[in-house]
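Residues per chain are reported as follows:
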Amino acid sequence: LQEKEMALTQSRLNALQLQMNPHFIANALNALSTLTDTDPEAAKRMIADLSGYLRENFYDPDGKNLMIPFPDELERLERYLAIERIRFPGINVYYWLEATGFEIPAMTLQPLVENAIKHGICKRKHSEGSIEIRSSETRSAYTIIVEDDGIGFDEKELSEGMSGKESKRHIGIPNTKKRLELMCAGSLMIHSTPGRGTVCEISIPKQRA
């Protein structure tokens, strides 16, 4: 029974991971199509970054690398950001890392940063803004904060039972929250203020079953 439960959990995690990136890849390819005519050198860099991104995030047929060291997660995030910076050069990302010696579910940070870019910063004038990523630890847990200065949103959009376009808008948030719960007994809290920005707080306990 335990083996069946573990297999079911693994299947759910794989399904959740596969939901994460189709629209990002489509947007990257559309941008790449434009760059091949307007800036061939930038197109070459974007191809290299996209190739590395796909290799790191999707070549895991046995699902053995679903939990990865936090520094590796940051490297994968930088692959993603390198692509987005070509599309949106007005985006700045700052890191304040006090704790790095822990593991995190792969592709945890990207959906949060992607939401910050797509639904926060890119809805500001000239698509300009900043994202801060901070990490720290206490005796019992590791904490990661992803904070942006975008337009923010009404937190009611994240309530359960929503349907239609608004529920799809933040699909990465419930997806990430579920993966944290299943893989490391972690949690994700979202605080957003319209006109001021959004704060995402991840907590990963040091001791867990």
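Quick note: structure is the one above.
Keep in mind the model is a prediction, meaning the values are calculated, not measured. (Residues numbered from 1 in each chain as written. Predicted model: local features only at pLDDT ≥ 70, side-chain atom pairs only at ≥ 80, totals over all residues. Heavy atoms only, no water.)

**Observations concerning the packing of helix H4 (residues 70-87) against helix H5 (residues 109-120)**
- The geometry of H4 relative to H5 is characterised by a closest axis approach of 10 Å and an angle of 30° between their N-to-C directions. Relative to H5, the element H4 is oriented roughly parallel. Seen from above, H4 lies across H5 with right-handed handedness. Between H4 and H5, the contacting residues are Phe70, Glu73, Leu74, Leu77, Tyr80, Leu81 and Glu84 on the first element and Leu109, Gln110, Val113, Glu114 and Ile117 on the second.
- Counted by class, the contact of H4 with H5 contains eight nonpolar, one polar and three charged residues. (Axes fitted to C-alpha atoms, helices over the stretch in contact; angles between N-to-C directions. Helix = DSSP H or I, 4+ residues; strand = E, 2+ residues; numbered from the N terminus. Parallel < 35°, antiparallel > 145°, perpendicular 65-115°, else oblique. Left-handed = near helix turned anticlockwise from the far one by under 90°. Contact = heavy atoms within 4.5 Å. Nonpolar A, V, L, I, M, F, W, Y, C, P; charged D, E, K, R; others polar.)

**Thoughts on the sheet that holds strand E7 (residues 197-205)**
- What the five strands build is an open sheet, ordered E2-E4-E5-E7-E6; its pairing is mixed. The outermost strands of the open sheet, each flanked by one partner alone, are strand E2 (91-97) and strand E6 (187-193). Adjacent strand axes in the sheet meet at a mean angle of 10° when their direction is disregarded.
- Note that E2 and strand E4 (residues 129-137) share seven bridges and pair parallel. Considered in E4, the bridge of leucine 97 is made with serine 135. (Pairing = 2+ DSSP bridges.)

**Details of the pattern of salt bridges**
- In total, this model carries nine salt bridges according to the counting rule given.
- Across the pair glutamate 41 and lysine 44 runs a salt bridge whose closest N-O atoms are separated by 3.6 Å. Of the two residues, glutamate 41 and lysine 44 are both situated in helix H3 (residues 40-58); the distance of three residues between them amounts to about one turn of the helix.
- Its salt-bridge partner being arginine 134, residue glutamate 132 comes within 2.8 Å of it at the nearest N-O pair.
- Classification of glutamate 132 by relative accessible area gives partly exposed; the value is 30%.
- Residue arginine 134 is classed as partly exposed on the basis of its relative accessible area of 26%. (Salt bridge = Lys/Arg side-chain N within 4 Å of Asp/Glu carboxyl O. Buried < 20%, exposed > 50% of the residue type's maximum accessible area, 1.4 Å probe, protein only.)

**A closer look at the pairing of strand E5 (residues 141-148)**
- Along E5, seven of the eight residues are buried, which leaves the element largely enclosed by surrounding structure.
- Inspection of the sheet shows E4 paired to E5 by seven bridges, in the antiparallel sense. Opposite isoleucine 133, over in E5, you have valine 146 as the bridge partner.
- Remark: three residues form the turn of the hairpin made by E4 and E5, two consecutive strands paired antiparallel.
- Summarising the sheet, E5 and E7 pair through eight bridges and their orientation is antiparallel. Paired with valine 146 across the strands is cysteine 200, a residue of E7.

Take it as geometry only, folks, not as evidence of what the structure does.
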